[in-house]
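Observations on the model geometry
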Protein chains: 2
Amino acid sequence: MSFSSAISGPAPGPRHPGAELQAFVDGGLAALEARLEELCRGLGQELPGLPEVLARAVGTGGRGGARWRPLLTLAAAEACGGDRSDALDAAVAVELTHTASLVLDDLPCMDDSPLRRGQPATHRLVGSAGAILLSVGLLARAVDLLGRQPRWGGVLCAEWGRTVGLQGMAGGQAMDVAATAPLRGSARRLHRAKSTLLPAFALSSGARMAGADETTRAGLESFGRFLGWAYQLVDDACDVGEDRENGRAPAGLRPLAQSRRLLRLATRRLRGEPGLGGDGVELLVGLAGRIVVPEPVPARGPGEAVRQGRV
Amino acid sequence: MSFSSAISGPAPGPRHPGAELQAFVDGGLAALEARLEELCRGLGQELPGLPEVLARAVGTGGRGGARWRPLLTLAAAEACGGDRSDALDAAVAVELTHTASLVLDDLPCMDDSPLRRGQPATHRLVGSAGAILLSVGLLARAVDLLGRQPRWGGVLCAEWGRTVGLQGMAGGQAMDVAATAPLRGSARRLHRAKSTLLPAFALSSGARMAGADETTRAGLESFGRFLGWAYQLVDDACDVGEDRENGRAPAGLRPLAQSRRLLRLATRRLRGEPGLGGDGVELLVGLAGRIVVPEPVPARGPGEAVRQGRV
């Protein structure tokens, strides 16, 4: 089973509130798709072929993977009593930021991946220079969207800057590229920021757009950090062999078990947040259960069974 | 004479308000240097050697070129009756954005420049991946700084996003990389955005930080666009030979004369802005006169006489 179908497929497990969660996911994905398509059409029309390359990078038309990060933004807004539509542009900014990071990760000078989601990576379509500039363009569009949010625009952008920057995703990826030995201490924390800060920002921005109080927002941000790490551990489980070859320590001896343990801990904390209603918590917990693979999936070959849909 | 010394040197021409302008430049550069050094020290300490690479990219310790874009931000704030210190972080954000664009421009997949300001380009120190991530980190730090500005944080970030994005600097650079024939119409306008939008943003953000009214801010933004283009024309004058080899049209038959004509037009408009006092206008005009080379400089060899200090 691919991870995409774990998110958007029809068969939630018994821990999820079933049909309601599915309805939330379906509605959220439809709203995200419409807004992302609109943005891709409106950008870069002066550059021949760019709207199509953008649409492929962002994965419009159902090619965009699970989109779980922007779904977290929408879910956080709902959980804090807000309207999902108020958080749509923040959610789109989260997805554009994620897309930009994938475009850069795939570059020949980074992971050198010719494919992304089974399609040619962006640099295979427009070259490295084009891919880098497209990535910068996506980041800039995310900032434009966030900056225009009423009341919280500046705060959201400042948070975004710290999420993306050298003490966040860019620094974590630099650590990933540069590290030749197991990472320890602050270096390990920075590397982890690559995976944890964007989900944390996704939830925090949804909470802000719904006018959540600071304690609730911080609680959701922390939930996002746990969730990002739990997700990464499952991803690492696919990469254990590769990590060993590179001389890096795997995330743990039993990363899948550790991932589920992290999720349980994060869920317990979330249930203790006084500012969140029961329905909101269950929405977030149900979504989180789908994001972190609910059952251990035995890795076949180089982990393709789990990894093929992880986005 | 290098362009750096044209900005920071001791001998302003008769069109400048002399000592006052020099005092403004000296004070502004000192404040910018101090803040930039502080930022470089505080960023990326987990990544071995990064603070030093950052400092070299940003050009602290007097290696940073003329810094005329952030000086425009400070000058706009003063011209609008504000305090220069209120606009310092916006000015620094402008300089970090400019630095990020230079780091990307120099990459092997873009202009493939081994040197910047006579020193090894960033990718020669940390590789392409490191340079790209450092560039993203600088952009993110700029957004963080802008987003934290009181009252105008969101608006500044949204403007920054449009300045940097696919309809701004990133799109213009993409056009630069992709174009194989003379550009016309909207493609030519987009290419020009690479040079004009950051000076326009520099002035606009300074005006905002000083609480300028919308008409005055828009007037200064327009002045920045003219100025950016006038500067670019002089740069183009150095590149005419290279442009001809690439089959691109030079900016005009007499770009230096065209540049001075643009500056005169922009100055006349600026003097008509009712929201700006005489001293403020003269500060901006004096600074502009130093930015756009005041007298035609005959290009020697491949334009090195003019170009060596153009940053």
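With respect to the overall build of chain A
Within chain A, the secondary structure is distributed over 13 helices and two strands. Here chain A holds 311 residues, and 57% of them are scored as buried. Residue pairs at least 24 apart in sequence account for 66% of intrachain contacts in chain A once pairs closer than 6 positions are excluded.

A short note on the relation of the copies chain B and chain A
Least-squares fitting of chain B to chain A yields an RMSD of 0.0 Å, with the transformation described by 0.0 Å of translation along the axis and a rotation of 180°. Both copies are brought into coincidence by an operation consistent with a two-fold rotation axis. Of the C-alpha atoms belonging to chain B, the one lying closest to the rotation axis is found on glycine 154 of chain B, 1.9 Å away. Comparing contact sets, 100% of the residues at the interface of chain B also lie at the interface in chain A, consistent with an isologous, same-surface contact.

Focus: the interface of chain B and chain A
Across the boundary between the two partners, chain B contributes 45 residues, which contact 45 residues of chain A. Looking at the side of chain B that touches chain A, the elements that each hand over two or more residues are helix H6 (122-147), helix H7 (153-164), helix H8 (169-178) and helix H9 (185-209) of chain B. No other element matches H6 of chain B, which puts 15 residues into the side of chain B that touches chain A.

A closer look at the packing of helix H11 (residues 255-271) of chain B against helix H12 (residues 278-291) of chain B
Residue and element names in this part refer to chain B. Their axes nearest at 10 Å, the elements H11 and H12 cross at an angle of 170°. It follows that H11 is roughly antiparallel to H12 by the angle criterion. Facing Leu263, Thr267, Leu270 and Arg271 of H11, the residues of H12 in contact are Val281, Leu284, Val285 and Ala288. For the contact of H11 with H12, the residue count by class is six nonpolar, one polar and one charged.

A short note on unusual backbone geometry
Residue arginine 151 of chain A is not a glycine yet carries a positive backbone phi of 65°. Within the fold, arginine 151 of chain A resides in the loop between helix H6 (122-147) and helix H7 (153-164). Notably, arginine 117 of chain B is not glycine yet its phi reads approximately 55°, a positive angle. Relative to the helices and strands, arginine 117 of chain B is located in the loop between strand E1 (115-116) and strand E2 (119-120).

Scoring rules and cut-offs
- Residues numbered from 1 in each chain as written.
- Chains lettered and ligands numbered in written order.
- Predicted model: local features only at pLDDT ≥ 70, side-chain atom pairs only at ≥ 80, totals over all residues.
- Helix = DSSP H or I, 4+ residues; strand = E, 2+ residues; numbered from the N terminus.
- Buried ≥ 20, exposed ≤ 12 C-beta atoms within 10 Å, placed from the backbone.
- Contact = placed C-beta atoms within 7 Å.
- Least-squares fit on C-alpha atoms with pLDDT ≥ 70 in both.
- Axes fitted to C-alpha atoms, helices over the stretch in contact; angles between N-to-C directions.
- Parallel < 35°, antiparallel > 145°, perpendicular 65-115°, else oblique.
- Nonpolar A, V, L, I, M, F, W, Y, C, P; charged D, E, K, R; others polar.

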